[in-house]
Every structure is written in C-alpha cells, then in structure tokens.
Amino acid sequence: MAAAEHVILKDEMAVELPSLPPNQGLEAFKDIIFGSTAGIAGKFIEYPFDTIKVRLQSQPDHLPLRYSGPLDCFRQSFQAEGIRGLYRGISAPLAGAAIENSSLFFSYRIAQEALQAAIYSPTEPLPFSALLLCGAASGAFTSILLTPVELIKCKMQVPVSAGQKPPGPLALIVSVFRHSGLFGFWRGQLGTLIRETGGSAAWFGSYEGVSAFFRGYSASPTADGSVSDSPPLPIYQQMLAGAAAGISYNFLFYPADTIKSRMQTEDVSRLSLDSRRPTFFSVGKSIWQQHGLKGLYRGCGITVGRSAPSSAFIFSIYECLRHYFEQDIFKGFCSQTTLPSYYLLAFSQTGQITTNRRTSIFKPSTMSTSPLTASELEILSTKAIAAKATAYCPYSKFRVGACILTQSGECITGANVENASYPVGTCAERVAFGTAIVAGHKDFKAIAVATDIKPGASPCGMCRQFMREFTTPSFPVYMYDGDGNHTVVTMGELLPGSFGPNDLLSRSEQDK
C-alpha cells in the first residue's frame, strides 16, 4: 500500500506512519469545535431576521396585529430600539447555535456510522434514503438540547412595553423555573421535535442531494466507464448546496416552529396556578381558526430569506475547517518537532492521520526521458486510477490502486486489501506484483501507483523492498495524485543502496 503519510524531521529522515481508523473522541471533538464555530458565524448573519420572525409569530390572537409584515416589523423595531434591539438576546442564541450545529453534525456522523456497521457496507456510501434517516435522527437528538435555549431566546426577542427594561437571560431562567419547574424549560418540545426531526432530514438531505448533483455534473468518466472521484466541491457549490438546505429546513416544517414560538412566548406570570396550559395542538388549532394557513406561515418569507445565506456559511465553514485541519494539523506538528520517530509513531495512534496538503519529499527523477510512450503511460495511469475503486479499505478509507506494465505489453492491476488485524493487510503494489508473478510474468517495464491525496503517495518501505526483488534500480515508478497528476522516480531513488537478488551469493559461491 502506498505510504499515507510522510513526516520529515529536522535531520531529513522520513518516517512513514500507518493509516488507522478514526479515533472517536477526536472526531467528536472536531464535530463540536467545527460545528460550534460554523453555527456561531451563521447566527450572527441570521439573528436580526430571526428577531423579526419571532415578533411576527408571537403576535397575540386577541389583539389587532401590531405588524403588517416583515418590512413593517423591521421598520418599527429599528425606530424603537435601533440595530442593538435587533440583536437583543443574542447571547442565548449564540450558545444555542453552538449546541445545535455541533450536535447536528456529531449525531449525523454517528448515525451514519451506526447504519454502516449494522445494515450497510462500511466501504460503500450510504443511499440517499439512509442519509435522510440519519438527518432525522440527528434532529431528534438535537431537539432535546435545543428547546431550553430556544425558550429563553424567544422570550428575550418579544418586544417589551415602552419604558420597561427588557429582562436578561438569567432573570428569565429564574422566572421559568419558579413558575413551571425544571420541565418548564422544555415547553414547546413537541414543536421543536417536529421541526428538528423533519427539518434536519430536509437540511442534510438537500445538502447531500445538491452536492451529489454537482459532483455528478463535474465528474469525468474513466476508460472503463466508471466515474472517477472528484476533488472537494468549490466553495460556491458548497454554499449553493447549503443555501438549498436552509430553505428546505425552514419552509417544510415552518408551522411547527410558529406554534412552538407562540407557546414559548406566553407570559407565564399572568397564568393562575390552576389554569391549564395550552397544548401544542390547541395552539395550532387556535392559529388556524384565527388566521388560517397564512397565520401558520407568518414570517416564513423572511425566515427562508435569512436561512439561505446562514446555512450556506454554516456548511462551507464546517467543511472547510474539517478539510483544512484533517490535512494540515498533524503535518504542521511533525514537520517542526525534534521528537524521535518512535514518539511520532506513538502519537499517530491517537487517530486517523491524513495529510493531503503535503509537499513531496522526492527530488525530480534523474531519468532524462520517460521509458514509456505516451499511449503506454495513458493506459498505465488509467488502469491504476481505476483500480482504486476495487480497494478494500473499510478501516483507513485510504484507497490505493496499482498497475504494472510488463515487457510484453500486458497490464496487471492490484489494490490494497485491509484486515481487522491491521498488519495482516496487503498493499496494492504487492497484490499487483504477486498476481503478475503467479501468472508467469518475470520482466516488467514500469508501475503506476494511484492514491486520492496530493501529491501522490509513494510505496511504503515493505513494498519498495518487495518490488526490488523483481526489478532493477532503474525501474520507473509513477505516483499519481487525486487529480491525475504524477511524479516519476526510479526504484534506486526510492530505495538507495538496496539489497536485491544479485547481492546473494550463488550456490557455487556458497559452497566455496
């Protein structure tokens, strides 16, 4: 298998680290940090619009409507309180955004892994229906954490009477607990559950669906008719997919959010001790009887309008953070450290290491001309890249394809095959050479090794020695990255001062 990582120490010694299954604690930490960061950024963008939405939704049934629409609500709110009033109570929503998004991304990943472990193959992507189910599960889990935060947020967003000081979050927490006890913080839980379960299925489903469309549109078919893996989506495509997700999330289940906001913004201090609190269904029935479907979707336009840019930023920030830190953080640590190699190997046991943005440790090859013709190189590269699709790598997710060109013009392919007992796995290069040897081939012209990272990874130390058994130091090795670009080195450059069959004494020499 091609070496997944290279750590360059100050004495320029290359240490090859194994690809390991992801550490769940580290992955959960990433979900929490990256999801929280993305959620906080999105909340700053959307909060003024959310304030307008809550004020439109919470207008009492027994009084004439205070606002005729979103623009009128914005005008009155800005004139009365200024821009600061539109951001009033943002402390609770910032905490809520961090909790919501970190919980959504964390539980979405856990749900996917659970389905892959119990029902689907861990080596194959989940079908769209399974992704919808994972989104719904993540929303249901998140609703439990989100309801108390949204309760305080909605109460802070409701406008107060002239000359009255708006209550702070601590005062509202005390008031809710005094009047309704601990369970009072989950007032409106059913509405949040319906909104988050269905909305999160639509949120993740829309993002995955639009992303899949972009990938399918830009993917190029290989020579065998399959579709090659494409690099990560451009930022603008990620933002478009995120915008579609935000619109779907808010529009489809908006009535549940309207009912929830009405329930959470009622003045609990005016309720008598023996009065019955209106239920989710009674509040929904009341809104329907008073205002019809329009009442249930009051404020929906401004909500959908603010959710598009907010979700676009949330998804793009989360994806960028994950992509950047998964590729660079470990390489940055190891490239500056003077720790011995065995400490680095021990550190690598803490989680999956991927370093896609590495710099190649190889100098340009000393070969003056390529030993292959253009057509030979095209066939070799195409088959090596296509061989990645046959890799069995459920643990590292690190695919490697290899293709050997024999002197007779035949192409022999191989791919890495992993094992639950990690050292037992077999690398793509050894699979290809073993297949070629048992088929009777002994003379080889070149090998191509293809991986998904940039620059293309080199064969590991074991594979270099294995290949040296059947090749000469001038044997060319082409290493292809995820974009199809390649670097070529010789066997002698990969394994200088190597030990090969010619270094062994012949039988007659041994007898002497």
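Residues numbered from 1 in each chain as written. Predicted model: local features only at pLDDT ≥ 70, side-chain atom pairs only at ≥ 80, totals over all residues. Heavy atoms only, no water.

The name given to the protein chain in an unreviewed UniProt entry is cytidine deaminase, with Byssochlamys spectabilis as the source organism. Checking UniProt for the protein chain, the heading Subcellular location (unreviewed entry) contains the comment "Mitochondrion membrane". (UniProt positions renumbered as here; feature names shortened; annotations may be inferred.)

Examining the packing of aromatic side chains
Counted by the stated rule, this structure contains 15 aromatic pairs. Taking the centre distance of 3.8 Å and the plane angle of 5° together, the rings of Phe105 and Tyr318 count as stacked. With Phe105 in helix 3 (residues 91–118) and Tyr318 in helix 10 (residues 300–336), the pair connects residues that are 213 residues apart, well separated along the chain. Accessibility classification places Phe105 together with Tyr318 in one group, the buried group. Centroid distance Tyr207 to Phe315: 3.9 Å. Interplanar angle 5°. Geometry classified as stacked. In this pair, Tyr207 sits in helix 6 (residues 189–218) while Phe315 sits in helix 10, placing the two residues 108 residues apart along the sequence. (Phe/Tyr/Trp six-rings, centres within 6.5 Å; stacked < 30°, edge-to-face > 60°. Helix = DSSP H or I, 4+ residues; strand = E, 2+ residues; numbered from the N terminus. Buried < 20%, exposed > 50% of the residue type's maximum accessible area, 1.4 Å probe, protein only.)

Re the sheet that holds strand 4 (residues 411–415)
Read across the sheet, 5 strands follow the order 4-3-5-6-7 without closing on themselves; strand pairing throughout is mixed. Two strands in the sheet have a free side with no partner beyond their single neighbour: strand 4 and strand 7 (486–490). Strand-to-strand, the axes of this sheet are offset by a mean angle of 20°, without reference to chain direction. Running at roughly 150° to strand 3 (residues 401–406), helix 12 (residues 374–387) makes contact with strand 3, strand 4, strand 5 (444–450), strand 6 (476–480) and strand 7 of the sheet. (Pairing = 2+ DSSP bridges. Axes fitted to C-alpha atoms, helices over the stretch in contact; angles between N-to-C directions. Contact = heavy atoms within 4.5 Å.)

A short note on the pattern of salt bridges
In the structure shown here, the tally under the stated rule is 12 salt bridges. Of the charged contacts, one joins Arg75 and Asp72 as a salt bridge, the two residues approaching to 2.6 Å between their closest N and O atoms. Of this pair, Arg75 and Asp72 both sit in helix 2 (residues 70–86), 3 residues apart, which is roughly one turn of the helix. When its relative accessible area of 16% is taken as the criterion, Asp72 is described as buried. One salt bridge in this structure joins Asp452 and Arg399, with 3.0 Å as the shortest N-O distance. Of this pair, Asp452 sits in the loop between strand 5 and helix 14 (461–468) while Arg399 sits in the loop between helix 12 and strand 3, and the two are 53 residues apart along the sequence. Residue class for Asp452 comes out partly exposed when judged on its relative accessible area of 31%. When its relative accessible area of 19% is taken as the criterion, Arg399 is described as buried. Within the structure, one salt-bridge network assembled from shared partners comprises Glu27, Lys30, Asp31, Arg109, Glu113 and Arg322. (Salt bridge = Lys/Arg side-chain N within 4 Å of Asp/Glu carboxyl O.)

Side note on helix 2
Across its 17 residues, helix 2 extends only 13 Å between first and last C-alpha, which sits more than 12% below the 24 Å expected from 1.5 Å per residue. Its maximal kink placed at Ala80, helix 2 deviates by approximately 95°. (Expected span 1.5 Å × (residues − 1). Bend = angle between axes of the 7 residues up to and from the residue.)

So, the confidence of the model for the protein chain
Residue-level pLDDT values for the protein chain average 76, and 74% of them are 70 or greater. Within the protein chain, no element has a lower average pLDDT than helix 11 (residues 341–347), which sits at 34, and none a higher one than strand 4, at 95. With pLDDT under 50 throughout, residues 3–21 is counted as low confidence; its partners more than four residues away or in other chains account for 75 contacts. Here residues 328–362 is modelled with pLDDT under 50, and outside its nearest four sequence neighbours on either side it reaches 86 contacts, counting other chains as well. (pLDDT = per-residue confidence, 0-100.)

Considerations on helix 14
Regarding helix 14, the residues found buried are Cys463, Arg464, Met467 and Arg468. All buried residues of helix 14 project into a common sector of 135° when viewed along the axis, lining one side. (Arc of directions from axis to C-beta.)

Examining the packing of helix 13 (residues 428–438) against helix 14
Here helix 13 crosses helix 14 at 20°, and the two axes come no closer than 9 Å. Considering their axes alone, helix 13 and helix 14 lie roughly parallel with respect to each other. In this structure, the crossing between helix 13 and helix 14 has a hand that is left-handed. Within the contact between the two elements, helix 13 uses Glu429, Arg430, Phe433 and Gly434 and helix 14 uses Met462, Cys463, Phe466 and Met467. Here the residues of the contact of helix 13 with helix 14 are counted per class, giving 5 nonpolar, 1 polar and 2 charged. (Parallel < 35°, antiparallel > 145°, perpendicular 65-115°, else oblique. Left-handed = near helix turned anticlockwise from the far one by under 90°. Nonpolar A, V, L, I, M, F, W, Y, C, P; charged D, E, K, R; others polar.)

What about the UniProt feature "binding site: substrate" (unreviewed entry) in the protein chain?
Taking the numbering used here, the UniProt-annotated feature "binding site: substrate" (unreviewed entry) corresponds to Asn416, Val417, Glu418, Asn419, Ala420, Ser421 and Tyr422. With respect to the helices and strands, Glu418 occurs in the loop between strand 4 and helix 13. Under the relative-accessibility criterion, Glu418 is labelled buried at 13%. If we ignore the near neighbours within four places in the chain, the residues touching Glu418 are Tyr392, Cys393, Pro394, Tyr395, Ser396 and Gly425. At 3.2 Å, the side chain of Glu418 forms a polar contact with the backbone nitrogen of Tyr395. Positionally, Ser421 belongs in the loop between strand 4 and helix 13. (Polar contact = N/O pair within 3.5 Å; in protein donor to acceptor, adjacent residues only side chain to side chain.)

Regarding the environment of Gly35
Note on placement: Gly35 falls in helix 1 (residues 24–57). Given the relative accessible area of 0%, Gly35 is considered buried. If sequence neighbours within four positions are ignored, Gly35 has contacts with Lys30, Asn101, Ser102, Phe105 and Tyr318.

A short note on the nonpolar core
Among the nonpolar cores identified, the biggest contains 22 residues, and Ile404, Phe433, Phe444, Ile447, Phe475, Val477 and Met491 are the most heavily contacted of them. Going through the elements one at a time, strand 3, helix 13, strand 5, strand 6 and helix 15 (491–494) are the ones with two or more residues in this core. Here this core gets 4 residues from one element, more than from any other, and that element is helix 13. In this structure Phe475 touches Phe433, Phe444, Lys445, Ala446, Ile447, Val489, Thr490 and Met491, once residues within four positions along its chain are discounted. (Core = buried A, V, L, I, M, F, W, Y, C linked by side-chain atoms within 4.5 Å.)

Considerations on the state of the cysteines
In the structure shown here, the tally under the stated rule is 0 disulfides. Cys403 forms no disulfide, and the closest cysteine sulfur to it belongs to Cys411, at a distance of 4.1 Å. (Disulfide = S-S within 2.5 Å.)

Quick word on the environment of Ala244
By the element assignment, Ala244 lies in helix 7 (residues 235–252). A relative accessible area of 25% places Ala244 in the partly exposed class. A C-alpha to C-alpha distance of 8.1 Å links Ala244 and Ala312, two positions 68 residues apart in sequence. Residue contacts for Ala244: discarding those within four places in its chain leaves Ser206 and Val210.

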